[in-house]
Amino acid sequence: MKAFKKVIFFIIFEIIFCSIFGIYLVFYGPFTNIKEAFVTSAMTTMNHKYLASIFLNDKEIEKIMAKNQMGALNEKENENDIRVNKKDNEMELIDINTNKFQGYLLKVDNPSRVKVGTSENLGEGGMPLSKIVEKYRASGGINAGGFSDNKMTGNGGTPTGLIIEDHEIKYNEKLKKYPLVGFNDKNVLIIGDYTLNEIEKMNIRDAISFSPPLIINGKKMIKNGDGGWGIAPRTAIGQTKDGAVLMLVVDGRSKDSLGATLKDLQDILYDYGAYNAVNLDGGSSATMNYCGKTVNKPSDILGERAIPSAFIVKWGENYE
């Protein structure tokens, strides 16, 4: 009996010792990348910022955030660089697997098929992506713009920024400038901060608001650190120089897929030929639908998150 107690005591001691030693190594040892990933992840969530401050003081946290934050974006998109020349309606689903995360890349050759879809009661309540896809009888899609929950009527009720659907402004938060992500009449993906007057002159057919840009004019925007948003489920959209649209979703917050940084998204999209690309709403909203099926594993405990907007892929259309 004494020997058994000694073994139990030793096991408990080892667990406590290893836990404390592990925490020490992460925050005060040589594992800088792990420490920075932990801090940026904690500080960019709504409810878990306190986790970073348990182990580090405000000055150290500010230093890490500044190191990984994106710099000023001086690059202006040149939409004339995009030459939309694909006339087929091919759609390809590509598995994205690394030792850190799992995800999917949906390549849509014909950019005229990519539209904005919205929830039934926009401004009051959201809908799961699968229901938005079903509403438009689309062939797939990804979640798009940001939002806040409407406590009175349900989740996903209040979009942030601007939503344009088929040339019509469906929602306007009335900001001085909007972080625009959308397509113009030439089926070119437009990314950048614009006033409403500028947007109205740009012939934007479908758009939402989100940021930050990841690739502009073939140049990576994140040159130092990981982008400053930590590791999480992610969604992004990009366009190749010949017009194909790239939709990317990465799973996170599970043992099989921890999540991705903004730099991870940037590098994947760049490798697949993105000439312009931008981050979209992530976290528990990160969802991809393909041919009527949710292909990824959303991190929301209830399954698909209710959202106000999506980039959907309509069934094939020919260019005029």
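Scroll up to find the structure.
The residue count restarts for each chain, going from 1 along the sequence in the order it is written. The predicted nature of this model means local features are confined to residues of pLDDT at least 70 and side-chain atom pairs, given and counted, to a pLDDT of 80 or more, with totals for whole chains, interfaces and linings taken over all residues. Side-chain numbers come from the whole structure's heavy atoms, not from hydrogens or water.

A few words now on the nonpolar core. Nonpolar side chains tend to gather and get buried jointly when the protein is soluble and globular. By convention a nonpolar core is built from buried Ala, Val, Leu, Ile, Met, Phe, Trp, Tyr and Cys residues, the set being connected through side-chain atoms within 4.5 Å. Buried, partly exposed and exposed residues are distinguished by accessible area as a fraction of the type maximum, computed with a 1.4 Å probe on protein chains only: under 20%, between the cut-offs, and over 50%, respectively. Residues V181, I208, I237, M247, L280 and F311 are the most contacted members of the largest nonpolar core, which totals 27 residues. Only strand 2 (102–108), strand 3 (114–118), strand 9 (178–184), strand 10 (189–194), strand 15 (245–250), strand 16 (274–280) and strand 19 (309–313) provide two or more residues apiece to this core. Core analysis: the next-biggest nonpolar cluster, separate from the first, contains 18 residues, F101, I222, A236 and L265 among them. Secondary structure elements are taken from DSSP: a helix is a run of H or I of four residues or more, a strand is a run of E of two residues or more, and numbering for both begins at the N terminus.

Here strand 7 (residues 162–165) pairs with strand 8 (residues 168–172) via 4 bridges, running antiparallel. By the bridge assignment, I164 is partnered in strand 8 with I169. We call two strands paired when DSSP finds no fewer than two bridges between them.

With that settled, the discussion passes to the packing of aromatic side chains. Planes of paired rings set the category: under 30 degrees apart is stacked, over 60 is edge-to-face and the rest tilted, where pairs are Phe, Tyr or Trp rings (Trp by its six-membered ring) whose centres lie within 6.5 Å. Following the criterion strictly, the structure yields 2 aromatic pairs and no others. Summarising the aromatic geometry, the rings of F183 and F311 are spaced 6.1 Å apart at their centres and angled 85 degrees between planes, so their arrangement reads as edge-to-face. You can see F183 sitting in strand 9 and its partner F311 sitting in strand 19, a full 128 residues away along the chain. Relative accessible area serves as the criterion here: at 0%, F183 is assigned to the buried category. A relative accessible area of 0% means that F311 is categorised as buried.

All right, on to the sheet that holds strand 18 (residues 293–294) then. Through backbone hydrogen bonds, the strands of a sheet pair up, either in parallel or in antiparallel fashion. Read across the sheet, 5 strands follow the order 3-19-4-17-18 without closing on themselves; strand pairing throughout is antiparallel. Of all the strands in the sheet, just strand 3 and strand 18 have a single pairing partner and so form its edges. In terms of strand pairing, strand 4 (residues 140–143) meets strand 19 through 4 bridges, oriented antiparallel. Opposite I142, over in strand 19, you have F311 as the bridge partner.

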